[in-house]
Amino acid sequence: MSPVRRDPRTERKRSRSWTAEPAAEAPLKTIDDPACLVFAVPDLTDDKLSSHDRDMLGAARLLADAQSGAVVVVAIAGEDDFAAAGADRLIEVGGDAFTGYCPEARATVVIAAMAQFSPRHVLFPDTPTEGGHVGRLVAARLGERAAGNVQHIDGTAIERRGAGGSLDYVMAAPRVLLVAPEAAAPVSSARFEARVIAETSAEGDHRLIDGGLQPIDPHAVPLAEADFIVAGGSVVSPWDACPGAAAAGGATEGASRVACDGGAMARDRQVGASGTLVDPRCYLAFGISGAAQHLQGIQRCQRVVAVNTDRHAAMVKRADLAVIADAQDVMAALADLMEDMRRGD
Amino acid sequence: MAIDVAVLLSAGRHPVSGRGRRAPGDHRALEMALGLSLPRAIHAGDPSAPMLGDYLGMGLDGVTVLDVPSDADPVPAFISYLEAAPPDLLLAGCRAENGEDSAMVPYIIAEALGFAMVPAVAEIVSIDDGSARLLQALPRGQRRAITAPLPLVATVDRAAPPPRQSAFAKARRGRIDIIDAVAPTDIDRAAWQVRPARQRPRRLGTQVSRLSAAERLSALTDVPAGTGRQLVEPTPGEAAQAIYDYLIEQRILTPPAKAKTKDQSP
């Protein structure tokens, strides 16, 4: 035994980020002479790759690697770090035709790109109104037999779910694949070239007219599905301003465990480990200090805004924008501001 | 103006007992169609299936059944039947509960007939002047308004209003018109390997397997750190403005100028 004792805890490096971000020094992989091409057409909702898009790119990577091919991302109206997501090549598609909902124009562009580069496979994320729809339009126009709801990829064989989710079909990968979420792990170990091989812009040929998103009653949306949540803690009282802020911003209301115990909110509005695990795009917390159970409930939130008087609260550390002030006053001011802006003053 | 609506009805399958039933997408489509006019209902498959009574009991006079074997591809039969008398609006469920369940049938029919195609419809707002105003169901309870020209194929989302009950007497009275159809046997499908669906484990927070055990644990249990912009002791007005600006910047809220033009458009 050596005389000096080592303390392994001091040597352990703590991971700072919870998602597996590819490190900056990830090796660059280049494929110069691919045997075939695999197209990946991400949805790029909000102009960014969604986690479903990244899973689909991971699936494209698997198919390409099994056949020494290259992944070509067809990026329709959107930009992101495609090199880190696994793209060897990039086809950039821009133009006014792609503002709003335009599945038919997207299908036309993909078919044109397929005619130009003749890829062996074309992958879409199987989302009901976006990728899954565009992919099925493409398959129907080309007379291809698409494989929807692809669950797993093993070499060039795929497993897709059918018969109302009761059977799995194993088959050779067809030309058009619609990939379910989590069918493959996203690319994280390497960077790829993402070399631009074509830039196109297309004329729209859509028959559908997009009327835009409709205002909905945010309270009709279950908390687990809400897009934007305004939540209050026990210090928030009276509760009049919180609904005001929520209603003006079109947000769903939530509350902490203490606020629900106090009867300020119904139990189905409780956020946290013993309530609902939420994953909105934005979580706005008024006077919530951030108990571990509450933070667990908002673990998958993309953005957190916290208003709290305590600068050292756990919620303030978690927040992307923290305001050290009295929650009650800020809530009232925000409700007024939103109402003014909505009326267009 | 009476509009000619047709509905595609498929045989459902109860997920637990495996018994035949109305397919959950299709009976919503039929409910939606019954709200417009008395639709033509079309089924491809076995004309003696008891579940046809469940559809008839919702208030149909009759169902047209294209008699095709269960291992055949029903799409050519649908296309030849619909080409003879094309409807203005063709409704179907988003996906079947039996067979390949690829959700491709409405797409292939729309392509063959040259119809426009709208997926995941939650509500038909109005139909006039040769176009239909629809609400499409999106994730997170959102709705998108779409105006589409007739003739049109639309698939009905599970967010659409639930169907009425099926009445036994109406089901008894309902007529089943059998049409012999030519259906090619599905050759490709014979090559597929079929097995019972296996639930795959859901992915946990981290995906990188080369991390150490301690790092994987901390990835699952640690609280993710925010990007941490802090505003210390602002006035309520400043704080509200800062939060509002952040929400606009992150596109959580629509900027007022845009919102105004949206309000003015019909």
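Residues numbered from 1 in each chain as written. Chains lettered and ligands numbered in written order. Predicted model: local features only at pLDDT ≥ 70, side-chain atom pairs only at ≥ 80, totals over all residues.

Considering the overall build of chain A
The condition that has to hold: Put simply, DSSP marks the helices as runs of H or I at least four residues long and the strands as runs of E at least two long, and each gets a number from the N terminus on. Exposure is read from a count of other C-beta atoms within 10 Å of each residue's own; the residue is exposed at 12 or fewer, buried at 20 or more and partly exposed in between. C-beta atoms are placed from the backbone. Contacts here follow a simple rule: the backbone-placed C-beta atoms of the two residues must lie within 7 Å.
When its secondary structure is counted, chain A shows ten helices and 17 strands. A buried classification covers 51% of the 345 residues belonging to chain A. In chain A, once contacts between residues fewer than 6 apart in sequence are set aside, the share between residues at least 24 apart is 63%.

A look at the nonpolar core
Generally speaking, a soluble globular protein has its nonpolar side chains buried in company with each other. Our working rule: For our purposes the nonpolar core covers buried Ala, Val, Leu, Ile, Met, Phe, Trp, Tyr and Cys residues that link as a set through C-beta atoms within 7 Å.
Ranked by size, the top nonpolar core spans 122 residues in total, and within it Val74 and Leu123 of chain A together with Val7 and Leu91 of chain B carry the most contacts. Excluding residues that lie within four positions of it along the chain, Leu91 of chain B makes contacts with Val5, Val7, Ala29, Met32, Ala33, Ala154 and Val156 of chain B. Core analysis: the second largest hydrophobic core is formed by 50 residues, Tyr283, Val305 and Ala335 of chain A together with Ile243 of chain B among them.

Some details on the sheet that holds strand E17 (residues 321–324) of chain A
So the rule is basically this: Strands qualify as paired when DSSP identifies two bridges or more between them. A fitted line through C-alpha atoms serves as each axis, taken over the contacting stretch for helices, and the angle formed by two N-to-C directions is quoted from 0 to 180°.
One open sheet holds the six strands; their spatial order is E14(A)-E13(A)-E15(A)-E16(A)-E17(A)-E13(B), and the pairing between them is parallel. The two strands at the open ends of the sheet, each matched to only one other strand, are strand E14 (252–255) of chain A together with strand E13 (229–232) of chain B. Across the sheet, the mean angle from the axis of one strand to that of its neighbour is 15°, orientation sign disregarded. One ladder, built from four bridges, connects strand E16 (residues 303–308) of chain A with E17 of chain A; its direction is parallel.

What to know about the packing of helix H5 (residues 131–142) of chain A against helix H4 (residues 105–113) of chain B
The packing of two helices is summarised by the inter-axis angle and the distance between the axes. Test applied: When an angle is under 35 degrees it counts as roughly parallel; over 145 it counts as roughly antiparallel; between 65 and 115 it counts as roughly perpendicular; any other value is oblique. Handedness of each helix crossing follows the sense of rotation of the near helix against the far helix: counterclockwise by less than a right angle gives left-handed, clockwise gives right-handed. Three residue categories are used. Nonpolar comprises Ala, Val, Leu, Ile, Met, Phe, Trp, Tyr, Cys and Pro, charged comprises Asp, Glu, Lys and Arg, and polar comprises the others, including Gly.
Running from amino to carboxyl end, H5 of chain A crosses H4 of chain B at an angle of 50°, the nearest separation of the two axes being 9 Å. Taken together, the axes of H5 of chain A and H4 of chain B lie oblique to each other. Two packed elements cross with a definite hand, and for H5 of chain A against H4 of chain B that hand is right-handed. In this structure, H5 of chain A uses Arg136, Leu137, Ala140 and Arg141 of chain A to contact H4 of chain B, whose residues at the interface are Tyr107, Ile108 and Glu111 of chain B. Class assignment for the residues of the contact of H5 of chain A with H4 of chain B results in four nonpolar, no polar and three charged.

A closer look at the packing of helix H4 (residues 103–117) of chain A against H5 of chain A
All names here are of chain A. It is the contact of H4 with H5, at a shortest axis distance of 9 Å, that shows an interaxial angle of 55°. Judged by the angle between their axes, H4 and H5 are oblique. Crossing of H4 against H5: the hand is right-handed. For the pair H4 and H5, the contacting residues are Pro103, Glu104, Arg106, Ala107, Val110 and Ile111 in the first and His133, Val134, Leu137, Val138, Arg141 and Leu142 in the second.

Here we look at unusual backbone geometry
Trans is the common state for peptide bonds, and a negative phi is the common state for residues other than glycine. All names here are of chain B. That bond from Leu150 to Pro151 is cis: its omega, -5°, falls within 30 degrees of zero. Here Pro151 shows up in the loop between strand E9 (143–149) and strand E10 (152–156). The backbone of Asp101 sits at a positive phi, close to 60°, despite the residue not being glycine. Considering the arrangement of structural elements, one finds Asp101 in the loop between strand E6 (89–93) and H4.

Quick notes on the confidence of the model for chain A
Inclusion rule: For every residue, the pLDDT score states the predictor's confidence, bounded by 0 at the bottom and 100 at the top.
Per-residue confidence for chain A averages 83 on the pLDDT scale, and 88% of its residues sit at or above 70. Scored below 50 in pLDDT, residues 14–23 of chain A shows 16 contacts in the model against residues more than four places distant or in partner chains.

Some details on the sheet that holds strand E7 (residues 116–128) of chain B
The mixed open sheet is built from ten strands, whose spatial order is E12(A)-E9(B)-E8(B)-E7(B)-E10(B)-E6(B)-E1(B)-E4(B)-E5(B)-E11(B). The open sheet has two free edges, formed respectively by strand E12 (209–213) of chain A together with strand E11 (175–180) of chain B, since each of these has just one partner strand. Across the sheet, the axes of successive neighbouring strands diverge by a mean angle of 35°, strand direction being ignored. Pairing between strand E8 (residues 131–137) of chain B and E9 of chain B: seven bridges, direction antiparallel. Bridge assignment links Gln136 of chain B to a residue of E9 of chain B, and that residue is Arg144 of chain B. The sheet strands contacting helix H1 (residues 24–34) of chain B are strand E1 (5–9), strand E4 (40–44), E6, E7 and E10 of chain B, and the helix crosses E6 of chain B at an angle near 150°.

Thoughts on H1 of chain B
For H1 of chain B, a buried count of eight out of eleven residues is recorded, marking the element as mostly surrounded by other parts of the structure. Turning to H1 of chain B, its buried residues are Gly25, Asp26, His27, Arg28, Ala29, Leu30, Met32 and Ala33 of chain B.

Concerning the environment of Gly232 of chain A
For Gly232 of chain A, the position within the fold is in strand E13 (residues 228–232). C-alpha separation for the pair Gly232 of chain A and His152 of chain A, spaced 80 residues apart in sequence, amounts to 42 Å.

Regarding the interface of chain A and chain B
Between chain A and chain B, the residue contacts involve 77 residues of the former and 81 residues of the latter. The element that contributes the greatest number of residues to the side of chain A that touches chain B is helix H10 (residues 327–343) of chain A, accounting for seven residues. Taken together, the residues of the side of chain A that touches chain B sort by class into 41 nonpolar, 16 polar and 20 charged. Both E17 of chain A and E13 of chain B contribute to a ladder of four bridges, which runs parallel. Opposite Val323 of chain A, over in E13 of chain B, you have Leu231 of chain B as the bridge partner.

A look at helix H2 (residues 51–66) of chain A
Side chains of residues three or four places apart in an α-helix project in the same direction, reflecting 3.6 residues per turn. Residue and element names in this part refer to chain A. Definition in use: Take the number of residues in a helix, subtract one, and multiply by 1.5 Å to get its expected span.
In this model, H2 (16 residues) spans 23 Å end to end at C-alpha, consistent with the 22 Å of a helix rising 1.5 Å per residue. Burial of H2 is extensive: 13 of the 16 residues sit out of reach of the surface. Ser68 occupies a position one or two residues after H2 and carries a positive phi of about 45°.

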